[in-house]
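Each chain is listed here by its residues.
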Amino acid sequence: MNVIIIGNGIAGTTAARFIRKQSDAKITMISGESTYPFSRTALMYIYMGHMKYDHTKLYEDGFWAKNNIDLIEKWVDHIDFDKKEVLLSGGSSVSYDKLIIATGSKPNKFGWPGENLNGVQGLYHLQDLEKMEAASAKGIKRAVIVGGGLIGVEMAEMFHSRHIPVTFLVREESFWNPVLPEGESLMVGKHIVDHGIDLRLGEELSEIVDDGDGNVKSIKTKNGEEIECNFVGLTVGVSPNVAFLKSTNLNINRGIQVNEYLETNQTDVFAIGDCAELSKPSPGRRPIEAVWYAGRMMAQVAAANVTGKKLAYDPGTWFNSAKFFDIEYQVYGDISPKETDGVSQFYWEHPELPKSVRIAFDTQTLAVRGFNLMGIRYRQEVCTSWIENKVNIDEVMTNLKAANFDPEFFKMYEEDMIKAFNKQYSKTISSQGKRKLSFIRKLMQTNG
Amino acid sequence: MANYKSMSVAAHHLSAKMSILYKASMALALVGVFVLFSAWFSNMAYDSVPLLTFSLLSMALGILGITYSLYADRHAGIKNNGVWHDNLTSRGTIAWASGIILTAFYVILYWYPQVLGLGADGSANTGLIRLFDPLSKALNGKQASQWFVYGALYTFVILFLGIKFIVKYRHNKYQIYRTISIIFFQTFIAFLLPEVLQSLNLPYNDFKNIWPLNYYFFFDWHLDELQANGTFGIFILVWGILSFLVFTPILTYFFGKRWYCSWVCGCGGLAETAGDPFRHLSDKSVKSWKIERYLIYSVLVFAVVMTVGVLYTRFTGNEKFLFVGSDALSSWYGFYIGAIFSGIVGVGFYPLMGSRVWCRFGCPMAAYLGIFQRKASKFRITTNGGQCISCGNCSTYCEMGIDVKSYAQQGQDIVRASCVGCGICSAVCPRGVLRLEDGSGDIGSRAQEKRNVLFDELLNQ
């Protein structure tokens with residue numbers, strides 16, 4: 001069997017590895033972006049000088065030859081699904097028995113005047129980082145970042161690390177509030193401002209002004225303000241990177257349409273990761289989840305299907321993580337940014353430090369539904385097991401310490417949380433949890 | 001709308017002000033170093049007390065000023081901005097120059113102490129060593145030796161760069177506590193206590209320097225010295241034997257080798273403080289891991305064979321041991337391992353190969369501890385489910401050259417003989433994936449089994 005994988009991001013790479021685990025098929029991974037797979041999420045750390053590009057490679061260079069996975073460093077121009085052929089830049093082509101498309105995303109642009117000027121860009125590909133470095137070498141007096149999502153805050157941190165002033169335009173009235181509940185959103189906003197970022201909430205881009213030579217001179221906001229800058233970061237989300245396939249018979253909506261087996265409408269063709277759009281996503285989940293972890297999980301399922309085991313994609317309990325400057329963020333399960341009927345949310349926040357824990361539970365059944373953590377690390381296995389087994393919130397609070405994953409000697413706040421919980425819900429829970437591995441294992445056996 | 005008081009302009013002005021303080025502090029510290037050099041090279045009839053005080057004070061204030069300017073106006077958090085852009089920390093010319101100067105210093109220290117001003121056969125010291133005479137006399141009643149100078153500077157560096165490290169990681173209690181521990185053991189157990197013992201006419205002894213790191217423990221002259229000191233000598237002997245035979249296995253079983261390597265040991269202490277800016281320079285390749293295993297266990301075997309030889313000769317009176325004399329064995333060990341490996345390569349190469357070259361490739365104690373850690377210890381680094389984003393910060397900042405990411409991205413726990421448990425991988429992880437733990441049971445299965453999140457479970461259904 002001859003398997004071609006287009007894209008060497010986390011989805012493509014994981015697919016290649018897991019197919020190799022299951023079979024001795026010929027595997028070829030194609031990417032024009034980089035010779036070897038690297039961690040996209042680490043791009044910011046290269047700019048900040050924490051790491052060099054080589055450190056972000058997923059495996060040592062010899063890994064691919066050792067595992068008999070061929071790498072082709074070329075862009076793909078076109079796919080002929082009838083002939084089962086992938087056409088590469090430069091005119092050559094490769095044929096496949098099974099094809100996995102994992103081409104990821106591209107940064108959004110919404111047709112703003114000036115959005116194609118020099119000095120305007122997103123941050124997704126390695127080439128975007130190279131462009132940022134080139135712009136920085138010329139000197140950035142002020143950078144304006146448009147869009148208050150995860151990439152936006154990463155870009156702000158990148159410039160901040162090099163003492164480049166940043167104005168951060170965020171459409172929402174409070175930072176990332178489509179995802180973060182009010183307490184966490186306010187905390188992160190304050191943290192960003194405390195780092196000296198000029199955060200403009202409730203502000204949108206109206207146009208980017210040309211200096212006459214095709215470079216950015218300034219931007220204008222919808223409120224009519226003009227801000228001088230020579231770099232504009234567009235971080236208003238991403239869309240599936242599928243434009244090169246639009247003229248084919250591949251069924252594309254926003255992303256490449258796939259069924260629960262991650263199969264497209266073309267025989268022996270799969271799509272995974274950011275570029276895939278599930279025609280029937282699991283309840284409560286979006287059809288496109290442009291998230292590192294989702295890409296990795298889809299890849300494992302696609303690998304099973306490619307090697308002949310019929311396996312449906314089930315992303316399991318939602319989880320994600322990020323870091324806002326110095327605040328680590330983890331989420332497990334279902335946390336709504338707004339109060340919803342039938343769901344109660346318990347929220348504890350440290351009186352001074354940027355640390356908080358939010359736990360959602362069913363108001364009627366008291367089954368725990370989700371955890372939102374800022375500045376405190378919780379154990380995924382424990383939280384997920386509580387959520388999946390619909391464990392009662394009282395029991396969760398009783399054993400809450402078992403979820404704590406902060407390093408040794410860190411102050412644990414679970415007793416404070418339990419006290420606050422008791423007060424708020426008139427309960428008399430006392431802390432019984434320990435974070436010793438033996439306790440956790442026992443706890444999870446009882447849950448399971 | 002959320003309303004924040006904007007400090008947007010302030011932060012950038014602050015950093016400019018801080019950079020002035022940084023430069024001034026750096027200059028002050030260099031003045032202190034310059035005074036050391038001028039005492040060394042000039043024939044001035046200087047007065048030791050004020051000159052040494054001035055030198056140490058300006059170096060101390062310089063380091064504190066640097067610490068303040070680097071970390072004070074910043075939020076507590078990971079401070080690795082620009083590490084790979086800075087000449088000194090990315091093997092630039094300044095790094096090479098520092099490496100050469102450090103190496104030269106060690107060569108002189110080990111083999112040409114008279115160059116530092118050591119008085120021949122008990123005659124008065126000159127140069128750099130004379131500068132430390134008053135301090136030495138105050139502590140042990142004798143004039144300074146090159147080892148006293150080295151010990152004093154070593155302790156000074158661990159103390160003040162230890163403070164810098166604590167401020168850098170002030171959000172992380174694990175780092176704070178273990179650095180306080182390192183400073184304590186270096187200052188009181190390794191430096192002051194042996195000096196006090198000498199002033200009481202008792203044998204010099206560093207109670208935390210355990211055989212086989214302390215390779216001369218069973219040497220003839222050392223055993224003679226202990227024998228000549230009655231009960232106290234026997235106490236040191238018993239303490240030393242218990243340390244490697246009983247304390248080490250027990251403590252390593254419960255806590256991993258970190259109890260020694262990053263909480264107690266002086267070599268580790270210097271690596272964690274003075275060496276911290278260079279921790280990312282260690283080689284992470286599988287090849288270097290292979291070299292590491294060959295080298296470190298060879299040194300351990302060498303140390304054991306050499307010690308057995310020395311004891312054999314002592315008890316049988318037979319000098320010949322395994323084709324060569326035990327004298328030859330022990331002097332080779334002292335030269336190649338004691339001096340060249342642990343000193344010159346171990347510290348001199350900090351700015352080029354990272355801070356733990358000796359601990360990783362050479363230390364027989366680390367090898368001994370590592371065997372327990374790998375085979376019989378509760379210690380491991382656990383991975384938080386499937387949260388790893390393969391960014392590589394953990395591997396990059398592992399001073400022991402462990403490719404932590406290669407485990408974390410597969411959801412595997414990490415149990416490696418070489419891990420000194422410094423906890424930096426867990427600190428620099430931007431997703432909170434790693435945690436150092438002393439867990440019970442199933443250490444092997446948790447570490448070896450590739451717990452690929454989701455996949456294995458699905459296939460097993």
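Residues numbered from 1 in each chain as written. Chains lettered and ligands numbered in written order. Predicted model: local features only at pLDDT ≥ 70, side-chain atom pairs only at ≥ 80, totals over all residues. Heavy atoms only, no water.

(A) Quick peek at the overall build of chain A. If you tally the helices and strands in chain A, you get 11 helices and 25 strands. Over its C-alpha atoms chain A spans a radius of gyration of 24 Å, differing by no more than 12% from the 22 Å that the globule rule assigns to 448 residues. Its C-alpha atoms give chain A principal-axis dimensions of roughly 70 × 60 × 40 Å. A burial count over chain A gives 60% of its 448 residues as buried. Considering only contacts within chain A whose residues lie at least 6 apart along the sequence, 61% involve residues at least 24 apart. Carbon and sulfur atoms provide 47% of the accessible area of chain A, an area that totals close to 17,600 Å². Distance from the positive charge centre (51 side chains) to the negative charge centre (57 side chains) of chain A: 5 Å. (Helix = DSSP H or I, 4+ residues; strand = E, 2+ residues; numbered from the N terminus. Rg over C-alpha atoms; globule rule 2.2 N^0.38 Å. Buried < 20%, exposed > 50% of the residue type's maximum accessible area, 1.4 Å probe, protein only. Contact = heavy atoms within 4.5 Å. Areas by Shrake-Rupley, 256 points an atom, 1.4 Å probe, with all protein chains shown as cover. Lys, Arg positive; Asp, Glu negative; His and termini not counted. Charge placed at Lys NZ, Arg CZ, Asp CG, Glu CD.)

(B) Examining the side chain of Ser321 of chain A more closely. Position of Ser321 of chain A among the secondary structure elements: in strand S21 (residues 319-324). Separated by 2.6 Å, the side chains of Ser321 of chain A and Tyr293 of chain A make a polar contact. A distance of 3.4 Å separates polar atoms of two side chains, one belonging to Ser321 of chain A and the other to Gln387 of chain B. (Polar contact = N/O pair within 3.5 Å; in protein donor to acceptor, adjacent residues only side chain to side chain.)

(C) Broad picture of the pattern of salt bridges. Residue and element names in this part refer to chain A. Counted according to the given criterion, the structure contains 35 salt bridges over all chains. Across the pair Glu33 and Arg40 runs a salt bridge whose closest N-O atoms are separated by 2.9 Å. Glu328 is paired through a salt bridge with Arg377; the nearest N and O atoms lie 2.7 Å apart. Pair noted here: Glu328 is in strand S22 (residues 327-333) and Arg377 is in the loop between strand S25 (368-374) and helix H8 (380-388), with a separation of 49 residues, a long-range link. (Salt bridge = Lys/Arg side-chain N within 4 Å of Asp/Glu carboxyl O.)

(D) Broad picture of the domain arrangement of chain B. All names here are of chain B. Domain boundaries assigned for chain B yield domain 1 (11-77 + 112-201) and domain 2 (380-460). Across the contact, 6 residues belong to domain 1 and 6 residues belong to domain 2. Between domain 1 and domain 2 the total buried area reaches about 400 Å² when both faces are included, carbon and sulfur atoms providing 51% of it. On the surface where domain 1 and domain 2 come into contact, there are 0 salt bridges. (Domains from an automatic or database assignment. Buried area = accessible area lost by both parts, 1.4 Å probe.)

(E) Just the interface of chain A and chain B, in detail. Across the boundary between the two partners, chain A contributes 78 residues, which contact 72 residues of chain B. Around 6,100 Å² of area is buried between chain A and chain B when both sides are counted, 51% of it from carbon and sulfur atoms. Linking chain A with chain B are 2 salt bridges. Linking chain A with chain B are 30 residue pairs in polar contact (both at pLDDT 80 or more). Grouping the constituent residues of the side of chain A that touches chain B by class yields 31 nonpolar, 22 polar and 25 charged. (Nonpolar A, V, L, I, M, F, W, Y, C, P; charged D, E, K, R; others polar.)

(F) The arrangement of the packing of aromatic side chains in detail. Per the counting criterion, the structure on display carries 61 aromatic pairs over all chains. Both rings, one in Phe110 of chain A and one in Trp112 of chain A, keep their centres 5.7 Å apart while their planes meet at 70°; by these two values the pair is edge-to-face. The structure contains a cluster of three or more aromatic residues connected by ring pairs, namely Phe105, Tyr106, Tyr110, Trp111, Trp147, Tyr150, Tyr154, Phe335 and Tyr336 of chain B. Looking at Arg293 of chain B, its charged tip hangs above the ring of Trp289 of chain B, at a distance of 4.3 Å from the centre. (Phe/Tyr/Trp six-rings, centres within 6.5 Å; stacked < 30°, edge-to-face > 60°. Lys NZ or Arg CZ within 6 Å of the ring centre and 35° of its normal.)

(G) Inspection of the sheet that holds strand S7 (residues 98-101) of chain A at higher detail. Residues and elements named next belong to chain A. One open sheet holds the 5 strands; their spatial order is S3-S2-S1-S7-S19, and the pairing between them is parallel. Unpaired on one side and paired on the other, strand S3 (69-72) and strand S19 (269-271) mark the two borders of the sheet. Looking at each pair of strands side by side, their axes are set apart by 20° on average, direction ignored. The pairing of strand S1 (residues 2-6) with strand S2 (residues 26-30) spans 5 bridges and is parallel. Pairing of Asn2 across the sheet is with Lys26, part of S2. Packed onto the sheet, helix H1 (residues 10-22) meets S1, S2, S3 and S7 and runs at close to 175° relative to S2. (Pairing = 2+ DSSP bridges. Axes fitted to C-alpha atoms, helices over the stretch in contact; angles between N-to-C directions.)

(H) A look at helix H6 (residues 133-140) of chain B. All names here are of chain B. Burial in H6 covers these residues: Asp133, Ser136 and Asn140. The arc enclosing the buried residues of H6, seen along the axis, measures out at 65°, which places them on a common side. Contacts made by the buried residues of H6 are with helix H5 (127-131), helix H7 (146-168) and helix H8 (173-199). In the segment just after H6, Gly141 is the residue with positive phi, at about 85°. (Arc of directions from axis to C-beta.)

(I) Focus on H8 of chain B. All names here are of chain B. Here H8 spans 37 Å end to end across 27 residues, near enough to the 39 Å set by a 1.5 Å rise per residue. The backbone nitrogen of Tyr174 has a side-chain oxygen 3.1 Å away, supplied by the residue at the start of H8, namely Asn172. Of the residues trailing H8, Asn201 is marked for its positive phi of about 60°. (Expected span 1.5 Å × (residues − 1).)

(J) Molecular detail of a nonpolar patch on the surface. A contiguous nonpolar surface patch, about 780 Å² in accessible area, is contributed by Ile234, Val238, Leu242, Leu245, Val246, Ile250, Tyr253, Phe254 and Phe255 of chain B. A relative accessible area of 37% places Tyr253 of chain B in the partly exposed class. (Patch = residues over 30% accessible without salt bridge, like charges linked within 9 Å, V, L, I, M, F, W, Y side chains within 5 Å.)

(K) Region of the structure containing the pairing of strand S4 (residues 76-80) of chain A. Residue and element names in this part refer to chain A. One ladder, built from 4 bridges, connects S4 with strand S5 (residues 85-88); its direction is antiparallel. By the bridge assignment, Val76 is partnered in S5 with Leu88. In this antiparallel pair of consecutive strands, S4 and S5, the connection spans 4 residues, and Lys84 shows a positive phi of 55°.

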